[in-house]
Amino acid sequence: MLNYLKFNNYLKGIINMNLKDYKTDVDALLKKLDKKKVDSSRLVSDNASEESIQLFEYIKANYTKRIISGQQYLFEPEYEDVVYYRYSGRLPAMKGYDFMDDTGRNNAREQTTRAIRWAKESGGIVTMCWHWYVPKRMNDESKGYAFYREDNHFDLIKAVTEGTPEYELVIDDIDCIANSLRRLESEGVAVLWRPLHEANGDWFWWGNVGTQSIDAYKKLWYIIFDRLENLHKLTNLIWVWNGQSKDMAVHPNTYDIVGEDIYPEKKGRDHSSQKAKFDEVTSYTHGKMATLSECGYIPDPDNLKKDKVYWSWWLPWWGQFVHAVDENNRPILDEKGMPIYNENYLDDEYINTVFNDDYVITLDDLPWYDEKKHKLPPLIQQFINEGKLPER
């Protein structure tokens, strides 16, 4: 009840504020950030909650020593869980969800609800990204929404220019996401928060298509940071910057961890450490911890140790990167109604070896995990109850 009341008191407070009156002075913000010493051992937020500090300290304590296993999800039921548990008896310590349904026409907030359930009921770590849907045509919303650049005409430059419809929409959406993050905060859930991901690519509307877009991307990053930290004063954010290029780099006092999304294009499974990318990104990010914030293949722990590559966690993408799918991208189920691994990315032996490697942190390794208190994900428990999976 207390968490519910805290969240509703917050909503009442923002209703009485005119959020659109708040403007980010980027130059003033950067001057303020310049006055702070860059300290990779501390969170950049001045508001950090006990839960955020605890999670950050845990990640920091394991950096260079072990890697946290993670997994990105989209659809329910979360069949990815079944693949890992079925072949190793373990589950990832971290789940990645997406705010893609929390703005625009969707506004379902379904993944936010699942993230809270994972943290509260199962004791897992949460990371959130945001595939940011915007109108394909600003003057005709009937054309639908999209986040890929090729699917819309949304103008990044206008999006950071005060007085434009694009700017008003962006500000409304950021404040909408603040409400979703506040829901997580009200439940005591710290979030590894990764907005504007893969910014050096040209596939998202916030991505790199030239000098002007780079400047606009950085301004958008600072607007998001300023509103969430200094207007909404959220306390549960650990900032993950995922710009993927020195050219896109933002102020180091606006992020805690740097992420790289890596999907190797060569044929055949690639369980390498991705050393070249690790060395590159850590060369210009001021001693910040680095993570494999998305990946196509889970790196082999032996390769990570051999190459001295210290990603904080790995996060394979959802669906076909874990379980087999048909031509319509639907899970292929066996005679028991359970998913099977996709041999193009992993197999039963590799899953078992990796998830039972002492170098890899799984859900039951987390120091706050209590098997008497915390529950297995619903689908896992369902299959155990039906005798399809063993209780371990």
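Values in this document were obtained by computation on a predicted structure and should not be read as measured data.

### With respect to the nonpolar core
Of all hydrophobic cores here, the largest spans 122 residues; its most connected members are Trp-132 and Trp-193. Per-element accounting of this core gives the leading share, 10 residues, to helix α8 (residues 211-231).

### Here's the deal with the environment of Asn-356
Looking at the secondary structure, you find Asn-356 in the loop between α11 (348-355) and β11 (360-361). For the pair formed by Asn-356 and Asn-208, sequence separation is 148 residues and the distance between their alpha carbons is 40 Å. In contact with Asn-356, not counting residues within four places along its chain, are Ser-88 and Arg-90. Only 3.3 Å separates the side chain of Asn-356 from the backbone oxygen of Ser-88, close enough to count as a polar contact.

### Digging into helix α3 (residues 50-62)
Given a rise of 1.5 Å per residue, 13 residues ought to cover 18 Å, and the 19 Å separating the end C-alpha atoms of α3 matches this to within 8%. Here α3 has its buried residues at Ser-52, Leu-55, Phe-56, Tyr-58, Ile-59 and Asn-62. Along the long axis of α3, the arc covered by the buried residues comes to 155 degrees, so they all point the same way. In the segment just after α3, Thr-64 is the residue with positive phi, at about 80 degrees.

### Some points on the pattern of salt bridges
Taken as a whole, this structure holds 24 salt bridges when the rule is applied. For Glu-78, the salt bridge identified is with Arg-114, shortest N-O distance 2.8 Å. Note that Glu-78 is positioned in the loop between β1 (67-72) and α4 (79-88) and Arg-114 in helix α5 (residues 110-122), a separation of 36 residues in sequence. Close ionic contact of Arg-194 with Glu-294 constitutes a salt bridge, the shortest N to O distance being 3.0 Å. Of the two residues, Arg-194 sits in strand β6 (residues 191-194) while Glu-294 sits in strand β9 (residues 289-295), which places them 100 residues apart along the sequence. You'll find Arg-194 and Glu-294 in the same group, each marked buried. Residues joined by salt bridges that share partners form a network here, namely Glu-78, Asp-81, Lys-95, Glu-110 and Arg-114.

### Quick notes on the side chain of Asp-270
Within the fold, Asp-270 resides in the loop between β8 (257-262) and α9 (275-282). Relative accessible area serves as the criterion here: at 8%, Asp-270 is assigned to the buried category. Among the polar contacts made by the side chain of Asp-270, one reaches the side chain of Ser-272 at a distance of 2.7 Å. A polar contact is formed between the side chain of Asp-270 and the side chain of Gln-274, at a distance of 3.3 Å. With residues up to four places along the chain from it excluded, the contact list for Asp-270 reads Pro-264 and Tyr-297.

### Focus on the pairing of β9
Extensive coverage of β9 is indicated by the burial of 7 of its 7 residues. In this region the chain leaves β8, passes through α9 and returns to the parallel neighbour β9; the handedness of that crossover is right-handed. Looking at chain direction, β9 and strand β10 (residues 313-316) are connected through 2 bridges and run parallel. Considered in β10, the bridge of Leu-292 is made with Trp-314. What joins β9 to β10 is helix α10 (residues 301-307), and the crossover it makes is right-handed.

### What to know about the state of the cysteines
The full count for this structure, using the stated rule, is 0 disulfides. Left without a disulfide partner, Cys-176 is nearest to the cysteine sulfur of Cys-129, which lies 16 Å away.

Conventions used here
Residues numbered from 1 in each chain as written. Predicted model: local features only at pLDDT ≥ 70, side-chain atom pairs only at ≥ 80, totals over all residues. Heavy atoms only, no water. Core = buried A, V, L, I, M, F, W, Y, C linked by side-chain atoms within 4.5 Å. Buried < 20%, exposed > 50% of the residue type's maximum accessible area, 1.4 Å probe, protein only. Helix = DSSP H or I, 4+ residues; strand = E, 2+ residues; numbered from the N terminus. Contact = heavy atoms within 4.5 Å. Polar contact = N/O pair within 3.5 Å; in protein donor to acceptor, adjacent residues only side chain to side chain. Expected span 1.5 Å × (residues − 1). Arc of directions from axis to C-beta. Salt bridge = Lys/Arg side-chain N within 4 Å of Asp/Glu carboxyl O. Right-handed = clockwise from strand over helix to strand, strands pointing away. Pairing = 2+ DSSP bridges. Disulfide = S-S within 2.5 Å.

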